[in-house]
Amino acid sequence: MNVLQRTIFAALVACAVSVSAQTIHVSIAPADQTNSFVPTQTLGAGVDRIPREAFEKDFVPETIAATLASGWQTVTYRQNTELAVQAWHWNPKGTWSDPSGKGYFTGSTELGEPIRHSYGYVLPHRGVTRNDGTGNTGFSRLTDGDPETYWKSNPYLTQRFTGEDDSLHPQWVIMDLSANQLVDTIRIDWAEPYSTHYSVQYWTTDADPVHMPTRGVWQTFPHAEIIDGKGGPATIRLASSPMPLRYVRILMTASSNTCDTHGSSDPRNCVGYAIRELSLGTSSADGQFHDLVRHTPDQEQTATICSSIDPWHEPENLESTFESQVGFDFFYTSGITRGLPAMIPVAMLYDTPENAAAEISYIEKRHYPISYVEMGEEADGQFMLSEDYAALYLQWATALHRVDPSLKLGGPAFTGENKDIEVWPDEQGRTSWTGRFLDYLRQHQRMSDLAFFSFEHYPYEPCKISWSSLYEEPTLMSHIMQVWRDDGLPANVPMFVTESNLSSATSETYMDIFSGIWLADYIGTFLTSGGKGVYYFHYLPLQLERGCNDSAGTFGMFTVDADYKIKQRLAQFFASQMITQQWVEPGNGEHHVYPATSVVDDGAGHSLVTTYALERPDGEWSLMIVNRDQFNPHTVHIDFDDGASHAESHFTGTVHVARFGRDQYQWNPRTKDFTAHRPEKVDTPAAIYAPGKADPDGPIAESAEEANADRQFDLPAASITVIRGRIAKR
């Protein structure tokens, strides 16, 4: 090939590259700015209830240092006991309301021996078999077959504490027969206090009335509106002939206000509603009742759901200390908080305002810094109606602000949701949980008590994640944030994602580069959409657990050995560094977020390249570019548009480029050699595993590259690229 031919060939190649390159447009006019944030306040991580030994082995200098190297800053302390329907003893030392040593517990505010661990106590008056928090743990006392046990509703939802008529906070229990059955009779064995005014209702469709509350209607049985309930055993003929149904609800609106088995010395014992046992079935012509309910103290019982639960308990209800909520002293002095203010929870659904106030008092006596206080845990997953949560919220807010008027309170820490949370319509036909919660605060002139709005983000259905799921993330996050605003969340109330990861169930997908790409896309979208605080979950190293499709997975950023020593860094560790140390400038400087667009799709309308743009406090512009194309690299040209003059700018001079893709990280799943017959060696299992491993396992690739108006940047397949530097006009 002669010189002329080589010149022509080079020109053709350059032309081809130019045609194939796509342009990323960054809008940098001041009016286009979508958000601003400070990394030490905005980019955080969460610490949850985990095995007690994990805290003991994770809170050591070498593991803390490795964890902090991910770059996350402020910490949110996750409160897990309410998901398990337990009362939280944040301080193992304290006092009981009943002098005999039981009842309602309040932790001690005395500054004695540092608190290292704390635990949850199961509730003896529980009325739910399972919900979106408990899974298959525990059981309901409504169908446990024991005449000595009973469900009781939360006393803090009665007129004595809300100041509102009990009919404004009706309590309810639901029985689920699992399939349509013929029913015409119910037996309710009331305890004290009982309901004097209640109705028995059936759900008009086969749709789940809790998860699909607008897909049916609660209809009162023909003979089941009771206005003069007398308590004790009550047998009610619901209809003249058996009706096919699956779900039955007892709706209670007036209480006898008589005292339960715990006596009259505490007014909380004498309000609300209590039921010993429920039976449901048919009555034959000879007057015999034929029960369809399975009565057993385990998960095989006929399932029930309840509106609330009395947090009364006693010392023997501490069933396990295997898992712990880390003690506040251990938490704050471990180094995991970096000395920054932490978001602290208070238990609310199954606790008392006195215990919550004591918790905050203790933390402040120790001079531990608090950024925010999150109120309760996943009320929607506990099936609590919005008005009931709001009534508790205001009582707790009053108690906490007596301790410290400057506390910033918020919630409700929703479970991971991709759409508006609906509940049964109220008298005005409103079905939005958030809308009704906000309306309750407004009606009581207490919107000032909501300093932030929190929700969790687990966007994908467990065990059903494919590569194309990545294409959904930006829309899922931006959509749900708009939903909360459309529900009435004021523009001046910031939104926090206080817990997040791919899904509520782990798998090897968490270790694959997929998880790192998702993390960058999710956080970039959240901040571009105006979010003010985001917390990675789970911060501390955890052992692998059995996940989807019998794969092993972890919510954390590392694999560890049996002694919790870190073995490898995982994809989300490196993605975290790309976000916290490459994209943003670490520290207290304010970053400004601007929108960026590109047109790189797969031919089916899926955007393959997403970009998130920052103006950093050091004066550099920083772009985090996510190539979600699994196997194809892309080349992009970058333009900055100031809007007013329509003059385009470009990166100029030396720019810093960081890349994280398959050249830096590749997860190799574990292999399983199955044999149907166990080998003779006792210590050799029938299923022999070769553990999964990342190879290569980092580090992030960094380079200094020269940029000008015509510069194009390569985006490796399945990668995160951060480009930062100065810009100049053309």
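Our subject is the structure that appears above.
Keep in mind it's a predicted model, so treat the numbers as computed, not measured.

J.: Help me get a handle on the overall build of the protein, residues and values and all.
T.: Assigned secondary structure in the protein consists of 12 helices and 43 strands. At 29 Å, the protein has a C-alpha radius of gyration in line with the 27 Å of a compact globule built from 730 residues. Expressed along its principal axes, the backbone C-alpha trace of the protein runs to roughly 110 × 65 × 60 Å. Buried positions account for 58% of the 730 residues belonging to the protein. Intrachain contacts of the protein at a sequence separation of at least 6 include 78% that bridge at least 24 residues. Of the roughly 28700 Å² of accessible surface on the protein, 50% is carried by carbon and sulfur atoms. One finds the centroid of the 53 positive side-chain charges in the protein at a distance of 3 Å from the centroid of its 93 negative side-chain charges.

J.: Tell me about the environment of serine 279, and name the residues and values.
T.: As for its placement among the helices and strands, serine 279 is situated in strand 17 (residues 274-283). Expressed as a C-alpha distance, the spacing of serine 279 and isoleucine 188, which sit 91 residues apart in the sequence, is 6.6 Å. Filtering out sequence-adjacent residues up to four positions away, serine 279 remains in contact with Thr185, Ile186, Arg187, Phe289, Asp291, Val293 and His295. Here the side chain of serine 279 touches aspartate 291 through a polar contact of 3.1 Å, side chain to side chain.

J.: Summarise the packing of helix 11 (residues 513-528) against helix 12 (residues 571-583); cite the residues concerned and give the values.
T.: For the pair helix 11 and helix 12, interaxial distance at closest approach is 7 Å and the crossing angle is 35°. Helix-helix and strand crossings are classified by hand; for helix 11 and helix 12 the assignment is right-handed. For the pair helix 11 and helix 12, the contacting residues are Ile513, Ser515, Gly516, Trp518, Leu519, Ala520, Ile523, Gly524 and Leu527 in the first and Ala571, Gln572, Ala575, Ser576, Ile579 and Trp583 in the second.

J.: Could you give me a rundown of the pairing of strand 31 (residues 591-594), with the residues and numbers involved?
T.: Note that strand 2 (residues 35-37) and strand 31 share three bridges and pair antiparallel. The partner of serine 36 across the bridge, within strand 31, is histidine 592. Pairing of strand 31 with strand 33 (residues 609-615) involves three bridges; the strand directions are antiparallel. Directly across from valine 593, in strand 33, lies its bridge partner leucine 614.

J.: For the state of the cysteines, give the residues involved together with the corresponding values.
T.: Scanning all chains against the criterion turns up two disulfides. Sequence-ordered numbering of the bonded cysteines in the protein yields a pairing of 1-2, 3-4.

J.: Give a detailed account of the packing of aromatic side chains, specifying residues and quantitative values.
T.: As enumerated under the stated definition, the model contains 46 aromatic pairs in all. Ring geometry for tyrosine 77 against phenylalanine 328: centres 4.9 Å apart, planes inclined by 35°, an arrangement best described as tilted. Of the two residues, tyrosine 77 sits in strand 5 (residues 75-77) while phenylalanine 328 sits in helix 6 (residues 328-333), which places them 251 residues apart along the sequence. In this structure tyrosine 77 comes out as buried when scored by relative accessible area, which is 1%. Considering the side-chain rings of tryptophan 203 and tryptophan 218, the 5.0 Å spacing of their centres and the 55° angle between planes classify their relative orientation as tilted. You can see tryptophan 203 sitting in strand 13 (residues 195-203) and its partner tryptophan 218 sitting in strand 14 (residues 218-226), a full 15 residues away along the chain. Residue classification places tryptophan 218 among the buried residues on the basis of a relative accessible area of 11%. Put simply, the rings of Tyr77, Trp88, Trp90, Phe328, Phe331, Tyr332, Tyr362 and Tyr368 touch in pairs and so form one group of aromatic residues. Sitting over the ring of phenylalanine 139, arginine 141 keeps its end group 4.1 Å from the ring centre. Just above the ring of tryptophan 424 sits the side chain of arginine 249; from NZ or CZ to the centre is 4.8 Å.

J.: Could you give an account of the environment of isoleucine 638, with specific residues and numbers?
T.: Counting through the fold element by element, isoleucine 638 comes out in strand 35 (residues 634-641). Through-space distance from the C-alpha of isoleucine 638 to that of tyrosine 522 is 22 Å; in sequence the pair is 116 residues apart. Sequence-distant contacts of isoleucine 638, defined by excluding residues within four places in its chain, comprise Ile24, Val26, Leu623, Ile625, Ser649, His650, Phe651, Phe713 and Ile723.

J.: Could you give me a rundown of the side chain of glutamate 359, with the residues and numbers involved?
T.: Among the secondary structure elements, glutamate 359 is positioned in helix 7 (residues 353-365). Look at glutamate 359: it is buried, it has no salt bridge, and the nearest opposite charge is arginine 78 at 11 Å. Residues contacting glutamate 359, with those up to four places away along its chain left out, are Trp88, Trp90, Phe328, Ile344, Pro345 and Val346.

J.: So what about the sheet that holds strand 4 (residues 50-51)? Which residues, and what values?
T.: Sheet architecture is open: four strands sit in the order 4-20-9-6, paired in antiparallel fashion. Both edges of this open sheet fall to strand 4 and strand 6 (86-89), since each of them pairs with a single strand only. Note: strand 4 against strand 20 (residues 323-326), two bridges, orientation antiparallel. Bridge pairing in strand 20 places isoleucine 50 opposite serine 324.

J.: I'd like a rundown of the pattern of salt bridges, residues and numbers included.
T.: Side-chain pairs of opposite charge can arise whenever the charged atoms involved come near each other. The tally for this structure, following the rule as stated, stands at 30 salt bridges. Of the charged contacts in the structure, one is a salt bridge between glutamate 53 and lysine 57, with a shortest N-O distance of 3.7 Å. Of this pair, glutamate 53 and lysine 57 both sit in helix 3 (residues 52-58), separated by four residues, roughly a single helical turn. With relative accessibility at 35%, the residue glutamate 53 sits in the partly exposed group. The closest approach of N and O atoms between aspartate 563 and lysine 57, which form a salt bridge, is 2.8 Å. Of this pair, aspartate 563 sits in the loop between strand 29 (558-560) and strand 30 (566-569) while lysine 57 sits in helix 3, placing them 506 residues apart in sequence. Through salt bridges with shared partners, one network takes in Glu387, Asp426, Arg430, Arg436, Asp439 and Arg442.

The rules behind the values
- Residues numbered from 1 in each chain as written.
- Predicted model: local features only at pLDDT ≥ 70, side-chain atom pairs only at ≥ 80, totals over all residues.
- Heavy atoms only, no water.
- Helix = DSSP H or I, 4+ residues; strand = E, 2+ residues; numbered from the N terminus.
- Rg over C-alpha atoms; globule rule 2.2 N^0.38 Å.
- Buried < 20%, exposed > 50% of the residue type's maximum accessible area, 1.4 Å probe, protein only.
- Contact = heavy atoms within 4.5 Å.
- Areas by Shrake-Rupley, 256 points an atom, 1.4 Å probe, with all protein chains shown as cover.
- Lys, Arg positive; Asp, Glu negative; His and termini not counted.
- Charge placed at Lys NZ, Arg CZ, Asp CG, Glu CD.
- Polar contact = N/O pair within 3.5 Å; in protein donor to acceptor, adjacent residues only side chain to side chain.
- Axes fitted to C-alpha atoms, helices over the stretch in contact; angles between N-to-C directions.
- Left-handed = near helix turned anticlockwise from the far one by under 90°.
- Pairing = 2+ DSSP bridges.
- Disulfide = S-S within 2.5 Å.
- Phe/Tyr/Trp six-rings, centres within 6.5 Å; stacked < 30°, edge-to-face > 60°.
- Lys NZ or Arg CZ within 6 Å of the ring centre and 35° of its normal.
- Salt bridge = Lys/Arg side-chain N within 4 Å of Asp/Glu carboxyl O.

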